[in-house]
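Descriptive structure summary
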Amino acid sequence: MARTVREALRAVARDNLQDLSRGRTIAKSVQPGGSSGIRSYAEPTITLLREAGLLSAVRTLGGHPGFDPRPDETREAPVTTMFADLRNFTKYALFLPLDQVREIKARVIKTAVDTVHAFDGHVHNIPGDGVMAFFGAPGEDPRLGATRALRAGAYLLTLIRDDVSTFLMEQGIFDAPVKMRVGIEYGTALWGQYGVLGTSEVKATGFPVDFAAKVQQSVGADELGLGEGIVDLLSIPDDFILRRGAEYRRQYKNEVRVKKSYVFDWVSFIDSEDEATLENMGSAYPGWEPRGEYTNPRANELLPIAAHSIRLVTHVAAREGGPWKLKYNSLRKLPKGWHLRFKVEHTVPPPFEVEWEVVNNGGEAYGAGQTYWRRNHGQAVNMESTRYRGTHLMVCTIKKNGVPVARALRRVLIG
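This section reports on the structure supplied with the text. (Residues numbered from 1 in each chain as written. Predicted model: local features only at pLDDT ≥ 70, side-chain atom pairs only at ≥ 80, totals over all residues. Heavy atoms only, no water.)

1. Section: helix α3 (residues 98–118)
With 21 residues, α3 extends 30 Å from end C-alpha to end C-alpha; this agrees with the ideal 30 Å at 1.5 Å per step. With 17 of 21 residues buried, α3 is to be regarded as a mostly interior element. Positive backbone phi, at 60°, marks D120, one or two positions downstream of α3. (Helix = DSSP H or I, 4+ residues; strand = E, 2+ residues; numbered from the N terminus. Expected span 1.5 Å × (residues − 1). Buried < 20%, exposed > 50% of the residue type's maximum accessible area, 1.4 Å probe, protein only.)

Dropping the structure here:
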């Protein structure tokens, strides 16, 4: 049976931690001359990830997967950089046996590496208690790599908080939660060799690469910081921004430049992502509505009503009539010409009336004069299709004697 993304990643995290027990290290998987912290990918990891539709790339450390330059060669290319760093970890080297500290750290780092690989990222370096990774491939839409980095960072924070930290606390190995902080930025970098012949490596030079590290250092534990480059690239809406982060302001001669950062609401992002098993994770990006597009004023008038329990269960199909195999989550972008089935579930006692409303945004719907319509067929199921690029709303309102008593909204992204 296919797993959700969270289920697959949690299974990987548990597999990485399974040999650790209270106060000691059990190395069941150690091979002669090897380590239980660094295991072959001839194990359940790849299967678990691919069951969830994840890419699960396996790459060597360092350099860049799409560029292997000669010593005198450079290449300029856009890239998304992610830095992830553990917090509250270093102190344990003062109290625990070093082989146990190394064992725990190796398994936590492996979880981070597995997560990066799951979203087709490339681990460039393992500095200290963290991971530095790049996302994006030559010739690829940069929004795809940026989205995969965003997902990798959010899911990694979830795993550290809900699985790794919980396990280490429950086993009595740690006396306080282990936490992580993540920084992500997008921009152009120049790739080339550093060092001398025989002692060199491929590195990326560029402010966005360095700024990702600074953003990571500026946020708190269990937080995900974003530079303004990735926020602008993905048109991340304000309701996914918890607050403004640290501002980087520098002057060179008579010119002053300022770069902004933001703290991303990764918890809400994961909650929306985790509604279903996601297919083709690596080939879709959220496609949030670009700033400045037409916004339907009706959207501001339709607020959720929770006097009774109500929710919309939504499935999509590539053709009319199904098969309805994939449950839709509101951060996935659907192509035009697909079909959606909305089913309302609620606890309003009869008698009641069911009203459906479609609220379209964006220039295409506006230009076609198709920004709003109401369907009063009174059924619990409503069918629609994807026609216009933009961020739209499907709204279901339950009424008693004409008065709304429950309302649920479902955002639909079309591109």
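2. So, the packing of aromatic side chains
Following the criterion strictly, the structure yields nine aromatic pairs and no others. Look at F207 and Y248: their rings are 5.4 Å apart centre to centre, the planes differ by 50°, and that puts the pair in the tilted class. Of this pair, F207 sits in helix α5 (residues 207–218) while Y248 sits in strand β10 (residues 248–252), placing them 41 residues apart in sequence. Among the aromatic residues, those joined into a cluster by ring pairs are F89, Y92 and F174. (Phe/Tyr/Trp six-rings, centres within 6.5 Å; stacked < 30°, edge-to-face > 60°.)

3. Some words on the environment of T111
With respect to the element layout, T111 can be found in helix α3. Taking C-alpha positions, T111 is 6.7 Å from N16, a pair spaced 95 residues apart along the chain.

4. Examining unusual backbone geometry
That bond from P350 to P351 is cis: its omega, 0°, falls within 30 degrees of zero. Within the chain, S235 stands out as a residue other than glycine whose phi angle is a positive 50°. With respect to the helices and strands, the residue S235 is situated in the loop between α6 (228–234) and β9 (241–244). A positive phi angle is found at N401, which is not glycine, with a value near 55°. With respect to the secondary-structure elements, N401 resides in the loop between β21 (390–400) and β22 (403–414). Using a relative accessible area of 76% as the deciding quantity, one classes N401 as exposed.

5. Some points on the pattern of salt bridges
Tallied over the entire structure, the rule returns 26 salt bridges. We note a salt bridge from E223 to R243, for which the minimum N-O separation is 2.9 Å. Of this pair, E223 sits in strand β8 (residues 223–227) while R243 sits in strand β9; the two residues are 20 residues apart in sequence, bridging distant segments of the chain. Here E355 ties to K399 by a salt bridge, and the two come within 3.2 Å at their closest N and O atoms. With E355 in strand β18 (residues 353–359) and K399 in strand β21, this residue pair connects regions lying 44 residues apart in the sequence. Accessibility classification places E355 together with K399 in one group, the buried group. (Salt bridge = Lys/Arg side-chain N within 4 Å of Asp/Glu carboxyl O.)

6. Topic: the side chain of S165
Inspection of the secondary structure puts S165 in helix α4 (residues 142–170). For S165, the contacting residues outside a window of four places in its chain are I160, P177 and V178. (Contact = heavy atoms within 4.5 Å.)

7. Overview of the environment of V209
Considering the arrangement of structural elements, one finds V209 in helix α5. With a relative accessible area of 5%, V209 lands in the buried category. Separated by 130 residues in the primary sequence, V209 and V79 place their C-alpha atoms 8.3 Å from one another. Filtering out sequence-adjacent residues up to four positions away, V209 remains in contact with V79, T81, F83, M132, F134, A189 and A204.

8. Side note on the pairing of strand β4 (residues 122–125)
One ladder, built from three bridges, connects β4 with strand β5 (residues 130–135); its direction is antiparallel. Bridge pairing in β5 places N125 opposite M132. The loop that links β4 with its antiparallel partner β5 comprises four residues; one of these, G128, has a positive phi angle of about 60°. (Pairing = 2+ DSSP bridges.)

9. Describing the nonpolar core
Among the nonpolar cores identified, the biggest contains 60 residues, and L9, F119, L224, L226, I236 and F264 are the most heavily contacted of them. Looking at this core, the element that brings in the most residues is α4, giving 13 residues. With 22 residues, the next largest nonpolar core counts I310, L334, M394 and V405 among its residues. (Core = buried A, V, L, I, M, F, W, Y, C linked by side-chain atoms within 4.5 Å.)

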